[in-house]
Amino acid sequence: MSYLVLKDINKIYPNGFHAVHNFNLEIEKGEFIVFVGPSGCGKSTTLRMIAGLEDISKGEFYIDGVLCNDKGPRERKIAMVFQSYALYPHMSVYENLAFSLTLQGVDEDVIEERVYATAKILGLTEYLDRKPRQLSGGQRQRVAVGRAIIRKVGVFLMDEPLSNLDAKQRVTMRSEITQIHRETGATTIYVTHDQTEAMTMADRIVVMKEGYIQQVGTPYELYFEPVNMFVAGFIGEPPMNFISGVIQDAKFIFGETVIDIAHVLGDEELQKYEGKEVVFGFRPEAIKLPNIDNVENSYVIDSMVELTELLGDNTNVYADIDGIKTILKIDPHFTPEIDTNFTFAIPYSSVYLFDKETEEVIKTKK
Ligand code: ATP
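Residues numbered from 1 in each chain as written. Predicted model: local features only at pLDDT ≥ 70, side-chain atom pairs only at ≥ 80, totals over all residues. Heavy atoms only, no water.

### Topic: helix H1 (residues 43-51)
Phase 1 of the analysis: Burial of H1 is extensive: 7 of the 9 residues sit out of reach of the surface.
Phase 2 of the analysis: Within H1, the full set of buried residues consists of Lys43, Thr45, Thr46, Leu47, Met49, Ile50 and Ala51.
Phase 3 of the analysis: Phi turns positive, to about 90°, at Gly52, one or two residues after H1. (Buried < 20%, exposed > 50% of the residue type's maximum accessible area, 1.4 Å probe, protein only. Helix = DSSP H or I, 4+ residues; strand = E, 2+ residues; numbered from the N terminus.)

Here you go:
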């Protein structure tokens, strides 16, 4: 049995709202799991059920083989870091870090040793005498993380811990938390709505939508093998481009454009989807430029440039393909003029097709 097991977990709030449906997940010891999804998809509710802060309406939750549905938060030996740092304002950093150990009646000497060791990991040694209000947002967040890791529990839960930080601090703390995880080896579940945090930090990501798990996988699997349009559109920035059309005589047709779709679809799928509506997907960064790249085994597409955004390491080109708005990511040295034609290529291996009705991915040849 895995270290943490969530079996058919459901949450129905007292007002009748069904927030989490049949959530199934097994987590191995030491894994860094990220729950990601848009606001309201049930991430925090699931995390709070794991923490014991919210009742599990239906299903079973095991820690190390022990059924924990009815165990209180303390008994579960789980540490949680919240969005609001929840530090004690009148206590120094040292006292904040030491607090839970003091409550447990741990020896002063041991507490001191652990506070200094934790402060060292988090770069807080020189701030131990300060009060929280004398710290920056990033430093406060570090104290909050420190308060959790000092307890040396087996499971670490974090609910959007970086959301109060500015963009630069978030990037720094992101790598610090990953580093701390590597050092402590604690099983971690981290909640965020930010797909970049999920992609950069997770061993495995759980993508949620409206209370349902959409897909569980490594960052690589979610990026390259999304199971449906939601995951394909959620993971990746800018998001995947989608073009709706119909398959007729092994061609994908939208507007005036006709594409030989047999390059990406096998015979079986071609037959199955003949006459049906499908969605053609490609990532902005997957495109090639005919005058500089090898564009064999690619679709060559014409578009009209509506806007360009130079971002430094790349340019986002907002291009209209036969009435469909798309975003293309290119080398800034090849930024096209607005209102001109822009020809680009999509390798067959970078094409995704989705069933328009179910929004599920259709198996392609790659
Ligand atoms: P966010 O990123 O905005 O925090 P989330 O994915 O964490 O979102 P949850 O906080 O888990 O979402 O909420 C899931 C759904 O449950 C939401 O639709 C929310 O309105 C609803 N919900 C949360 N708490 C309660 C409650 N106490 N009673 C009824 N519905 C609730």
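From this point on, the discussion continues.
### Thoughts on unusual backbone geometry
Phase 1 of the analysis: Of note, the bond from Glu237 into Pro238 is cis; its omega dihedral lies within 30 degrees of zero at -5°.
Phase 2 of the analysis: By the secondary structure assignment, Pro238 is in the loop between helix H8 (229-234) and strand S11 (241-248).
Phase 3 of the analysis: Residue Asp8 is not a glycine yet carries a positive backbone phi of 50°.
Phase 4 of the analysis: By relative accessible area, Asp8 is classed as partly exposed at 37%.
Phase 5 of the analysis: Of note in the backbone geometry, Ala250 takes a positive phi value of approximately 65° without being a glycine.

### So, the site of the ligand
Phase 1 of the analysis: In the vicinity of the ligand there are 13 residues, among which Ser39, Gly40, Gly42, Ser44 and Thr45 approach most closely.
Phase 2 of the analysis: The separation between an oxygen atom of the ligand and a polar side-chain atom of Ser39 is 2.6 Å.
Phase 3 of the analysis: One of the backbone N or O atoms of Gly42 is found 3.0 Å from an oxygen atom in the ligand.
Phase 4 of the analysis: For the ligand, the protein covers 62% of the area, taking 640 Å² as the surface of the free molecule.
Phase 5 of the analysis: The element that contributes the greatest number of residues to the shell around the ligand is H1, accounting for 3 residues.
Phase 6 of the analysis: Residues of the shell around the ligand, tallied by class, amount to 5 nonpolar, 6 polar and 2 charged. (Near = heavy atom within 4 Å. Polar contact = N/O pair within 3.5 Å; in protein donor to acceptor, adjacent residues only side chain to side chain. Areas by Shrake-Rupley, 256 points an atom, 1.4 Å probe, with all protein chains shown as cover. Nonpolar A, V, L, I, M, F, W, Y, C, P; charged D, E, K, R; others polar.)

### Observations concerning the sheet that holds strand S9 (residues 204-209)
Phase 1 of the analysis: The 6 strands are arranged S6-S7-S8-S3-S9-S10 in an open sheet whose pairing can be described as mixed. This sheet does not close on itself; its edge strands, each paired only once, are strand S6 (78-81) and strand S10 (212-217). Going across the sheet, the axis of each strand differs from the next one's by a mean of 15°, ignoring polarity.
Phase 2 of the analysis: Where S9 meets S10, 5 bridges bridge the pair, whose relative direction is antiparallel. In the strand pairing of S10, Val206 is matched with Val216. (Pairing = 2+ DSSP bridges. Axes fitted to C-alpha atoms, helices over the stretch in contact; angles between N-to-C directions.)

### Remarks on the layout of surface pockets
Phase 1 of the analysis: Of the volumes computed, that of the largest pocket is approximately 550 Å³.
Phase 2 of the analysis: If you trace the largest pocket, you find 22 residues lining it, with Ile78, Ala79, Met80, Arg147 and Arg151 closest to the centre.
Phase 3 of the analysis: For the lining of the largest pocket, the secondary-structure elements that each account for two or more residues are S6, helix H2 (93-103) and helix H4 (137-149).
Phase 4 of the analysis: The element best represented in the lining of the largest pocket is H2, accounting for 5 residues.
Phase 5 of the analysis: For the lining of the largest pocket, a count of residues per class yields 16 nonpolar, 3 polar and 3 charged.
Phase 6 of the analysis: Around the second largest pocket sit 18 residues that line it, and Thr118, Ile149, Ile150, Lys152 and Thr184 are the ones nearest its centre.
Phase 7 of the analysis: Secondary structure elements with two or more residues in the lining of the second largest pocket: helix H3 (108-122) and H4. (1 Å grid on protein atoms, 1.4 Å probe; cavity = no way out; pocket = protein on both sides within 12 Å on 5 of 7 lines; lining within 4 Å. Points joined across faces, edges and corners; volume = space filled by probe spheres on them.)

### Quick look at the nonpolar core
Phase 1 of the analysis: Counting residues in hydrophobic clusters, the biggest one holds 46 residues, and the most contacted among them are Val115, Phe156, Ile177, Tyr190 and Val207.
Phase 2 of the analysis: Non-local contacts of Val207, meaning those with residues more than four positions away in its chain, are made with Val36, Tyr212, Ile213, Gln214, Gln215, Leu222, Phe230, Val231 and Ile235.
Phase 3 of the analysis: Counting residues in each nonpolar core, the second largest holds 30 residues, with Leu289, Phe342, Phe344 and Tyr348 among its members. (Core = buried A, V, L, I, M, F, W, Y, C linked by side-chain atoms within 4.5 Å. Contact = heavy atoms within 4.5 Å.)

### Here we look at the domain arrangement of the protein chain
Phase 1 of the analysis: Each domain of the protein chain was delimited in the assignment, giving domain 1 (4-234) and domain 2 (241-362).
Phase 2 of the analysis: On a C-alpha basis, the centroid separation for the pair domain 1 and domain 2 is 38 Å.
Phase 3 of the analysis: Between domain 1 and domain 2, the contact holds 9 residues from the first and 9 residues from the second.
Phase 4 of the analysis: Counting the surface lost from both domain 1 and domain 2, the interface buries some 860 Å², and carbon and sulfur atoms represent 58% of this.
Phase 5 of the analysis: For the domain 1 face of the interface with domain 2, the top three residues by lost area are Tyr223, Met229 and Ala232, together amounting to 62%.
Phase 6 of the analysis: Here domain 1 is connected to domain 2 by 0 salt bridges.
Phase 7 of the analysis: Run the count over domain 1 and domain 2 and you get 6 residue pairs in polar contact (both at pLDDT 80 or more).
Phase 8 of the analysis: Elements that contribute at least two residues to the side of domain 1 that touches domain 2 include exactly helix H7 (219-224) and H8. (Domains from an automatic or database assignment. Buried area = accessible area lost by both parts, 1.4 Å probe. Salt bridge = Lys/Arg side-chain N within 4 Å of Asp/Glu carboxyl O.)

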